[in-house]
Amino acid sequence: MSTTKTYSVAVDGAGPAEVSVAEYGAGQPFLLLHGGAGPQSVAGFAEKFAATHQVRVLVPTHPGFGGTARPESVGTIPALAALYQGLLDQLDLADVTVIGNSLGGWIAAEIALLESARVSGIVLIDAVGIEVPGHPVADFFTLTMDEVFARSFHDPDQFRIDPATLPPAAQAIAAGNRAAIATYAGSGMTDPALVGRLGTLEIPTLVLWGESDGMVDVDYGRAYAAAIPMAQFQLLPDTGHSPQLETPDQVITAIWDSANTDFSAFTR
Amino acid sequence: MSKTAVTRITHSCHLIEIGGRTFLTDPWFSTRPGYYQGEPIAVAIPDLPKLDGVLISHEHYDHCDLDAFAAYRDRSVPLFVAETVVSTARRHGFTNVTALAPWEQAEVGGVSITAAPGKHGVYEVTFVLRAGSDAVYFAGDTMLIPELADIPKRLGHISLALLPTNGLHIRPANNMQVVMNADEAAELTAILKPELAIPHHYTFTKGFLGDRLITHSDKNPLHFQDASRTLAPETSVRIVEPGIRIEL
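In what follows, the accompanying structure is described. What you see is a predicted model; the values in this text were computed from it and never measured.

Points about the pattern of salt bridges
Residues and elements named next belong to chain B.
Part 1 of the argument: According to the stated counting rule, one finds 19 salt bridges over all chains in the structure shown.
Part 2 of the argument: Between E17 and R245 there is a salt bridge, with the nearest N and O atoms lying 2.8 Å from each other. With a gap of 228 residues between them, E17 in strand β2 (residues 13-18) and R245 in strand β17 (residues 245-247) connect regions that are remote in the sequence.
Part 3 of the argument: Residue class for E17 comes out partly exposed when judged on its relative accessible area of 22%.
Part 4 of the argument: Judged by its relative accessible area of 38%, R245 is partly exposed.
Part 5 of the argument: Its salt-bridge partner being D226, residue R229 comes within 3.0 Å of it at the nearest N-O pair. Here R229 pairs with D226, and both are found in helix α6 (residues 222-231), just three residues apart, close to one helical turn.
Part 6 of the argument: Of the residues examined, R229 reaches a relative accessible area of 54% and is grouped as exposed.
Part 7 of the argument: For D226, a relative accessible area of 41% corresponds to the partly exposed category.
Part 8 of the argument: Linked by salt bridges that have partners in common, K3, E17, R245 and E247 make up one network.

Shown next as structure tokens:
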């Protein structure tokens, strides 16, 4: 059960930008950021998380995804981060944990770098954004959709769809999502300077990685955690690039019960 | 004669009135990602009274928020600090900074300020303020260490003790304890035998994720009150909300 509102959020140096935000539950606040697969790739997880632990989960649709308009002023990952910091200010939220998957993890990392006291922690789930020599992010734009599914899931058959069978409206949204990914992240899905900037972070950070991720491999995930002081890394079995979609219960447990996790079990 | 009194501002930040003078302890007036008071900040910097001195136990942000406190209207206010705080205090424009090592003493307007030992994740000192027969012990966020038993022997009777109680542990550092817990604070209360003890440093939180990944602490001050009933029954323990002034 969710409610969706459109907020007009001030953007530095430009007019306000509109952002659609689905909201689930009430209580401890979480900002949940989707990746290139769009808001539906996190919606089920948001609903389950809010119901399981009586928390409030806010799921914005990044402008340009899901058929929404993208203003000219919001065209980069840092711009999205600033937009969401503005949203948290507008909602006057405190002690917010930002959770992001894939592209959403990159946005979460950029939000952390803004050092807003409203944000108390970040959870990066199979995030992109850094460059790791020898471990490139798979080039989404040169893969067939069949290859994307095969690389994204531990058990792809549960999730595979044929885009050609989608109704025209859904195909238009998928094309819009693809264009938005290209705008925000480019084909490399990295910022060469990001890994160095992360070394300044002091924010509690949990890095979760699907063991079967074929889009961004496990060593890339370990490098992400290593780049952030005090970050903890946890490998999630039997799941791929979108663990919150493929194995949501496992992700909820990894976050909620993280005080009980023996992170040394995931170091090499 | 003016009364000895304490107003908790937040966390370990107090206003102490003693001997007609007013002192501030461990200033903390802002928040950062992963550092939250967990309770209100009862007095804003512009609303602080004229201070006769400021005591700073160590350089951690939640005890030594000089970025914020530099906005105080008089940076010639005397600061009495752990030696590790001196350079940062001067860098923030404070011109009257005195380092006190354990058992070293200074004096402001008839109030003696004596540093006492401390032990934490970094170098720390604690402080005793005395005017006449009244003495206030400010324990910062120290661990309980044997040297603290020397306080009444060397500095005489303590009237009021301000003690940390959350037993903070740092999970990534092999779950190392860095602050005394409720039972240890009650044990120290039994040693100091003050008329009044007030717990502090217990609502601190690193936020939802930080409390899971980085720190582990006891946020319930009633544990200290309960333990003191057994170990130090002659001391009155008061749990004080920020902004409430308590007279001795």
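Focus: the sheet that holds strand β14 (residues 196-200) of chain B
Residue and element names in this part refer to chain B.
Part 1 of the argument: The seven strands lie next to each other as β7-β8-β9-β10-β11-β14-β16, forming an open sheet whose pairing is mixed. Looking at strand neighbours, the two that pair on one side only are β7 (105-108) and β16 (236-237), the edges of this open sheet.
Part 2 of the argument: Taken together, the two bridges between β14 and β16 define a ladder with parallel strand orientation. Pairing of A197 across the sheet is with V237, part of β16.
Part 3 of the argument: Against the sheet, helix α4 (residues 182-192) makes contact with β10 (134-138), β11 (160-164) and β14, and its axis sits at roughly 160 degrees relative to β11, the strand it touches most.

Overview of the packing of helix α2 (residues 77-91) of chain A against helix α3 (residues 103-113) of chain A
All names here are of chain A.
Part 1 of the argument: Direction vectors running N to C along α2 and α3 enclose 65 degrees, while the axes themselves pass 8 Å from each other. Between α2 and α3, the crossing angle belongs to the class labelled roughly perpendicular. Between α2 and α3 lies a crossing whose hand is right-handed. Counted together, I77, P78, L80, A81 and Y84 of α2 and L103, W106, I107, E110 and I111 of α3 form the full contact between these two elements.
Part 2 of the argument: Across the contact of α2 with α3, the residue classes break down as nine nonpolar, no polar and one charged.

What to know about α2 of chain A
All names here are of chain A.
Part 1 of the argument: Compared with the 21 Å implied by 1.5 Å per residue over 15 residues, the 21 Å span of α2 between its first and last C-alpha is a close match.
Part 2 of the argument: Among the residues of α2, those classed as buried are I77, A79, L80, A81, L83, Y84, G86, L87 and L88.
Part 3 of the argument: The N-cap of α2, judged by a side-chain oxygen 3.0 Å from the amide nitrogen of A79 a few residues on, is T76.
Part 4 of the argument: Following α2 by one or two positions, D92 has its phi on the positive side, about 55 degrees.

Digging into the packing of aromatic side chains
Part 1 of the argument: Inspection of every chain in the model, using the stated rule, returns 18 aromatic pairs over all chains.
Part 2 of the argument: Summarising the aromatic geometry, the rings of F153 of chain A and F159 of chain A are spaced 4.2 Å apart at their centres and angled 5 degrees between planes, so their arrangement reads as stacked. Taken as a pair, F153 of chain A and F159 of chain A share a single burial class, namely buried.
Part 3 of the argument: An aromatic cluster is defined as three or more aromatic residues linked by ring pairs; in this entry it consists of F30, F45, F49 and W256 of chain A together with F208 of chain B.
Part 4 of the argument: Positioned above the aromatic ring of Y35 of chain B is the side chain of K206 of chain B, whose terminal nitrogen or guanidinium carbon lies 3.9 Å from the ring centre.
Part 5 of the argument: A cation sits over an aromatic face here: R212 of chain B above W256 of chain A, 4.8 Å from the ring centre.

A look at the interface of chain A and chain B
Part 1 of the argument: In this complex, chain A contributes 24 residues to the contact, which on the side of chain B involves 15 residues.
Part 2 of the argument: Between chain A and chain B, the buried area comes to about 1,500 Å², and carbon and sulfur atoms account for 68% of it.
Part 3 of the argument: When the buried surface of chain A facing chain B is broken down by residue, A117, P204 and M230 of chain A rank first, second and third, together holding 31% of it.
Part 4 of the argument: For the interface between chain A and chain B, the tally reads zero salt bridges.
Part 5 of the argument: On inspection of chain A and its partner chain B, the count reaches four residue pairs in polar contact (both at pLDDT 80 or more).
Part 6 of the argument: Elements represented by at least two residues in the side of chain A that touches chain B include exactly β3 (28-33), β6 (119-125), β7 (205-210) and α9 (248-256) of chain A.

The rules behind the values
Numbering of residues begins from 1 in every chain and follows the order in which that chain's sequence is written. Here the convention is simple: chains get letters from A, ligands get numbers from 1, in the order in which they are written. Since the coordinates come from a predicted model, pLDDT governs what is reported: local features require at least 70, and pairs of side-chain atoms require 80 or more to be given and counted, while whole-chain, interface and lining totals use all residues. Only hydrogens and water are set aside when side-chain values are computed; all heavy atoms of the structure are taken into account. By salt bridge we mean one thing: a side-chain nitrogen of Lys or Arg within 4 Å of a carboxyl oxygen of Asp or Glu. Secondary structure follows DSSP: runs of H or I at least 4 residues long count as helices, runs of E at least 2 residues long count as strands, and numbering of each begins at the N terminus. Note on exposure labels: buried denotes an accessible area under 20% of the residue type's maximum, exposed denotes more than 50%, and partly exposed covers the range between, all computed with a 1.4 Å probe on protein chains only. Should DSSP find at least two bridges between two strands, the strands are taken to pair. When checking whether two residues touch, look at their non-hydrogen atoms; a contact exists if any pair is within 4.5 Å. A fitted line through C-alpha atoms represents every axis, and for helices the fit uses only the stretch in contact; the resulting angles, taken between N-to-C directions, go from 0 to 180 degrees. By the definition adopted for this analysis, an angle is roughly parallel if under 35 degrees, roughly antiparallel if over 145, roughly perpendicular if from 65 to 115, and oblique otherwise. In this scheme, a crossing is called left-handed if the near helix is turned counterclockwise away from the far one by less than a right angle; it is called right-handed if the turn is clockwise. Three classes are used, and their members are as follows: Ala, Val, Leu, Ile, Met, Phe, Trp, Tyr, Cys and Pro are nonpolar, Asp, Glu, Lys and Arg are charged, and the others, Gly among them, are polar. One fewer than the residue count of a helix, multiplied by 1.5 Å, yields its expected span. Here a polar contact is recorded for every N or O atom pair within 3.5 Å, except that within protein the pair must consist of a potential hydrogen donor and a potential acceptor, and residues adjacent in sequence are included only if both atoms are side-chain atoms. Aromatic rings from Phe, Tyr and Trp, with only the six-membered ring used for Trp, were paired whenever their centres fell within 6.5 Å, and each pair was classed as stacked if the ring planes differed by under 30 degrees, edge-to-face if by over 60, and tilted otherwise. Remark: a charge is flagged as sitting over a ring if the NZ atom of Lys or the CZ atom of Arg is within 6 Å of the ring centre and within 35 degrees of the ring normal. By buried area we mean the combined loss of accessible area, with a 1.4 Å probe, across both parts when two parts are placed together.

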